[in-house]
Amino acid sequence: MQGITYLDALASFGKMGPKDEEVSWKLETLLDEMAWCGIHGALVYHNVAREYDPAYGNRMLMEAISGNPRLFPCWVVLPHDCGEMPPPKRLVKDMLAAGVRAVRMAPRSQNYLLEEYVCGELLDALAGEQILLSIGIDQTSYGDLFQIASRRPGLPILMTGCSWAATRNILPLMDKCPNVHIEFSTFQANYALEEFTERYGAERLLFGTDALLKSMGAAKSFVDYAELGESDRKLIAGGNLARLLRLERLPEEYPARTDGPILSRVKEGLPLEHITVIDSHAHMSHNDARGVGYMPMPRSDAKHMIRRNRRLGIDKVAISSWMGIFADCEEGNVILKDAMDQFPDDIIGYATLDPNYLTAEEFDRWMGVAHEEWGFKGMKPYNPRVRIPYNSPRYDQWYTYGNEHRLFCLLHSSGGNFINEVADISKRYPEISFLLAHSAGDYPTARERLPLVKERDNVYLEITLTPVTYRIIEYMVKHVGAEKVLFGTDAPMRDPIPQFGWMCYSRCSEEELELMLGRNMERILARCR
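Keep in mind it's a predicted model, so treat the numbers as computed, not measured. Note on numbering: residues in each chain are counted from 1, in written sequence order. pLDDT decides what is reported in this predicted model: residues at 70 or higher carry local features, side-chain atom pairs at 80 or more are listed and counted, and totals for whole chains, interfaces and linings draw on all residues regardless. Only hydrogens and water are set aside; all other atoms, that is, all heavy atoms of the structure, feed into the side-chain values.

Visitor: In this structure, what is going on with the side chain of Ser320? I would like to understand it.
Guide: Helix and strand definitions follow DSSP, with helices as H or I runs of at least four residues and strands as E runs of at least two, each counted in order from the N terminus. Within the secondary structure, Ser320 is located in strand 11 (residues 316–321). Any N or O atom pair separated by 3.5 Å or less is treated as a polar contact, with the protein-specific requirement of one donor-capable and one acceptor-capable atom, and with residues adjacent in sequence counted only for side-chain atom pairs. Looking at Ser320, its side chain comes within polar contact range of the side chain of His283, at 2.8 Å. Setting aside residues up to four positions removed in sequence, Ser320 forms contacts with Ala282, His283, Met284, Ile325, Leu336, Tyr350, Thr352 and Lys380. Residues are treated as being in contact if the distance between any of their heavy atoms lies within 4.5 Å.

Visitor: Looking at this structure, how should I read the pattern of salt bridges?
Guide: Salt bridges are defined by distance alone: a side-chain nitrogen of Lys or Arg within 4 Å of a carboxyl oxygen of Asp or Glu. In this structure the tally under the stated criterion is 36 salt bridges. Across the pair Glu33 and Arg471 runs a salt bridge whose closest N-O atoms are separated by 3.9 Å. Of this pair, Glu33 sits in helix 1 (residues 27–37) while Arg471 sits in the loop between strand 16 (459–462) and helix 20 (472–480); the two residues are 438 residues apart in sequence, bridging distant segments of the chain. For Arg471, a relative accessible area of 28% gives the class partly exposed. Connected through salt bridges with shared partners, the residues Asp32, Glu33, Arg471, Glu474 and Arg507 form a single ionic network. Each residue is placed in one exposure class: buried if its accessible area under a 1.4 Å probe, protein chains only, is under 20% of its type's maximum, exposed if it is over 50%, and partly exposed if it falls in between.

Visitor: It is not clear to me how helix 5 (residues 116–128) should be interpreted in this structure. Could you clarify?
Guide: Working note: α-helix, 3.6 residues per turn, so residues spaced by three or four point in the same direction. Residues of helix 5 that are buried: Val118, Cys119, Gly120, Leu122, Leu123, Ala125, Leu126 and Ala127. Against the buried residues of helix 5 lie helix 4 (88–97), strand 5 (102–105), strand 6 (132–136) and helix 6 (142–151).

Visitor: I would appreciate a short explanation of the sheet that holds strand 15 (residues 433–436) in the present structure.
Guide: Think of a sheet as strands paired side by side through backbone hydrogen bonds, with each pair either parallel or antiparallel. Two strands are said to pair when DSSP picks up at least two bridges between them. The sheet built from eight strands is open, its strands ordered 10-11-12-13-14-15-16-17 with parallel pairing. The two strands at the open ends of the sheet, each matched to only one other strand, are strand 10 (278–284) and strand 17 (485–486). Pairing between strand 16 and strand 17: two bridges, direction parallel. The residue of strand 17 that forms the bridge with Glu462 is Leu486. To get an axis, a line is fitted to the C-alpha atoms, and for a helix only the part in contact is used. The angle between two axes follows their N-to-C directions and goes from 0 to 180 degrees. Strands in contact with helix 12 (residues 302–312) are strand 10, strand 11 and strand 12 (347–351); relative to strand 10, the strand with the most contacts, it is inclined by about 155 degrees. Against the sheet, helix 19 (residues 443–455) engages strand 15 and strand 16, with an angle of about 145 degrees to strand 16.

Visitor: Even after reading the chapter, I still don't get the packing of aromatic side chains, so can you show me in this structure?
Guide: To describe a pair of aromatic rings, you give the distance between the ring centres and the angle between the ring planes. Any two rings among Phe, Tyr and Trp, with Trp reduced to its six-membered ring, count as a pair given centres within 6.5 Å; such a pair is stacked if its planes are under 30 degrees apart, edge-to-face if over 60, and tilted if neither. Considering all chains together, one arrives at 21 aromatic pairs under this definition. With a centroid separation of 5.2 Å and an interplanar angle of 75 degrees, the aromatic rings of Tyr350 and Phe408 are classed as edge-to-face. On the criterion of sequence distance, the pair formed by Tyr350 in strand 12 and Phe408 in strand 14 (residues 408–411) is long-range, its members being 58 residues apart. The residues Tyr350 and Phe408 share a single accessibility class, namely buried. When the centroid spacing of 5.9 Å and the interplanar angle of 50 degrees are considered together, the rings of Trp374 and Phe376 count as tilted. Taken together, Phe363, Tyr395, Trp398, Tyr399, Tyr429 and Phe434 form an aromatic cluster joined through their ring pairs. Geometrically, a charge over a ring is one whose NZ (Lys) or CZ (Arg) sits within 6 Å of the ring centre while staying within 35 degrees of the ring normal. Here the basic side chain of Arg70 rests over the ring of Tyr254, its NZ or CZ set 3.8 Å away from the ring centre.

None of the figures reported here should be taken as evidence of function without further support.
In structure tokens form, the structure reads like this:
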């Protein structure tokens, strides 16, 4: 958005040991993506400092970013007891002399404890100069962070990589420790920025991308489309990080550029009203729900989902009830039918039918009710809860019906035999459109699915997953064509905005984006009868 400075609180570069051949790591790639997305600056650490030796990697970092006004150094630090780093007071003095006001700690990767007897002296030295401590939750626990933060209220702490599934641990920690901050590259909970701003104010919320692993555009869109006042948006986008790093000068604006119609609107947080957008993969809770058992899920009912979709310009959304896939398929179908009655022009139904609870007669009756009486066009068998292979004979009557009516079927992975199961049913039921959920979660998953998608006209890749893997959408388009890739969000488990931004900031053409965002799903729906 114009007039807002975006400063990324979580980025890294450099070689990192085991990685997929498609994963990016070069500094020039990071800088190019920052320019593409309009991100003015970034707090960065070097992967060698985390993977090999902090002191060596920190030197590589300072050499690589020297003279670049858009990059701010974050050193990886260790306790000093083994002689790998200077004693804490001298370390902090060296940092300040080098213009470093943030550190990263990786205790699990580097084999030390965050106990007082190990890290107390280092943490005290950091707190004394209010050095920002950035730490991934994969490297610690919320209990450890509570102990550190509560004992040192002057130490600003940035939690990174937090999952929305851990919200019941995160909120009590932040309630009790005002010096704890959070970034949202992984914490993509529904309406998260609005919920946290209402609870804490915007001052403790930071924009972070986890580049180059994740899409920078996904995280930027989360800020731009959130229902926030401009002052709060500016703080989250960059103002808070600038304050914590005590930046004396902000990076300059980028030269004006001409983006395509889609990206131009997305950069301003405007709905895509000029094209068709259909979310092929979403869920919903019952009215006014705040949680669904194993995790909180605020504003997850139909009215809040449609409100969010309209902010983005999503015209229609294909939904299965969370109740239906997780507990009671019959009750879930009823909840979804009520939502479709409220929003008949917005919601496309996925029926949920569980052979563990339905007799053959009940199964047949529910197919008639859901698909014929209520007009559900989608099929949602769900192996992670039902634990029945997708090519089990127990689904044959449903697939036979779906084949006759050219329905579409969304399939979550069933484990190691998933591709074989899909190969079987997609051949036996060629008139069903099979959507492979979460195909863009990582490169190995996408790579495994490509041959089948190339071979079968009725098999498609659906993208959504929290990793919002950098450049993987372009990778899939390169190998199977945009006609076989579908936009999906998995809302409201995660907010639809990052998934939307992930696709819109990809380097695909306008024509390719239009296909993936809506026209492909529009064609699949048109086949249903």
